[in-house]
Amino acid sequence: MSQHFTQDQHPDGHKNWNCPDCGAEPGKPHSEGCDIEICSVCGTQKLSCSCNGHDRLFARWTGFWPGAAEAAMCGRDLNWLYTNGMYKALFIKPKG
């Protein structure tokens, strides 16, 4: 299982680091089959969904675990982000 680190906890001390599963650099799309990529249609793990219309660039690796920076800015943890449905506002690409 992949570990996720906050910016301050990253073992190499980098602020932006490559995806721990597929190695994507910050700003680049995840590789096919990446365990960390989030679906831009439904907001869940891309590996386990079958949505059509996924935008790989919208779901690109940012250098941070998906949702970790946003949850921290709200003073919350990732569990809060998902249990309250807030992940949908972050990971689902707006239409049009």
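This section reports on the structure supplied with the text. (Residues numbered from 1 in each chain as written. Predicted model: local features only at pLDDT ≥ 70, side-chain atom pairs only at ≥ 80, totals over all residues. Heavy atoms only, no water.)

**A look at the overall build of the protein chain**
Okay, so step 1: When helices and strands are counted, the protein chain shows three helices and zero strands.
Okay, so step 2: Counting across all 96 residues of the protein chain, residues that qualify as buried make up 29%.
Okay, so step 3: Taking the intrachain contacts of the protein chain between residues at least 6 apart in sequence as the baseline, contacts between residues at least 24 apart amount to 45%.
Okay, so step 4: Carbon together with sulfur atoms contributes 49% to the accessible area of the protein chain, which is approximately 6300 Å² in total. (Helix = DSSP H or I, 4+ residues; strand = E, 2+ residues; numbered from the N terminus. Buried < 20%, exposed > 50% of the residue type's maximum accessible area, 1.4 Å probe, protein only. Contact = heavy atoms within 4.5 Å. Areas by Shrake-Rupley, 256 points an atom, 1.4 Å probe, with all protein chains shown as cover.)

**Quick word on the side chain of histidine 54**
Okay, so step 1: Positionally, histidine 54 belongs in the segment before helix 1 (68-73).
Okay, so step 2: Side chain to side chain, histidine 54 and glutamate 37 meet in a polar contact 2.8 Å long.
Okay, so step 3: Reaching out from histidine 54, the side chain makes a polar contact with the backbone nitrogen of serine 40 at a distance of 3.0 Å.
Okay, so step 4: Once residues lying within four places of it in the same chain are set aside, the contact partners of histidine 54 are Glu37, Ile38, Cys39, Ser40, Val41, Lys46 and Ala59. (Polar contact = N/O pair within 3.5 Å; in protein donor to acceptor, adjacent residues only side chain to side chain.)

**As for the nonpolar core**
Nonpolar side chains tend to gather and get buried jointly when the protein is soluble and globular.
Okay, so step 1: Ranked by size, the top nonpolar core spans 13 residues in total, and within it Cys19, Ile36, Trp61 and Leu81 carry the most contacts.
Okay, so step 2: Among the elements that make up this core, the one with the highest residue count is helix 2 (residues 78-83) (three residues).
Okay, so step 3: Ignoring anything within four residues of it in the chain, the contact list for leucine 81 reads Gly67, Met86, Tyr87 and Leu90. (Core = buried A, V, L, I, M, F, W, Y, C linked by side-chain atoms within 4.5 Å.)

**Overview of the pattern of salt bridges**
Okay, so step 1: Enumeration over the complete set of coordinates arrives at one salt bridge.
Okay, so step 2: Between aspartate 55 and lysine 93 there is a salt bridge whose closest N-O contact spans 2.4 Å. Of this pair, aspartate 55 sits in the segment before helix 1 while lysine 93 sits in the segment after helix 3 (87-91), placing them 38 residues apart in sequence.
Okay, so step 3: The exposure class of lysine 93 is partly exposed, given its relative accessible area of 37%. (Salt bridge = Lys/Arg side-chain N within 4 Å of Asp/Glu carboxyl O.)

**Regarding the environment of histidine 30**
Okay, so step 1: Along the chain, histidine 30 falls in the segment before helix 1.
Okay, so step 2: Taking C-alpha positions, histidine 30 is 9.9 Å from asparagine 18, a pair spaced twelve residues apart along the chain.
Okay, so step 3: Setting aside residues up to four positions removed in sequence, histidine 30 forms contacts with Cys19, Cys22, Ala24, Ile36, Glu37, Arg56, Ala59, Arg60 and Trp61.

**Section: the packing of aromatic side chains**
Here the distance between the centres and the angle between the planes together describe a pair of aromatic rings.
Okay, so step 1: Here the structure, examined in full by the defined rule, presents three aromatic pairs.
Okay, so step 2: Centre to centre, the rings of tyrosine 82 and tyrosine 87 are 5.1 Å apart; their planes meet at 20 degrees, and the pair counts as stacked.
Okay, so step 3: Here the aromatic residues Tyr82, Tyr87 and Phe91 are joined through ring pairs into a cluster of three or more. (Phe/Tyr/Trp six-rings, centres within 6.5 Å; stacked < 30°, edge-to-face > 60°.)

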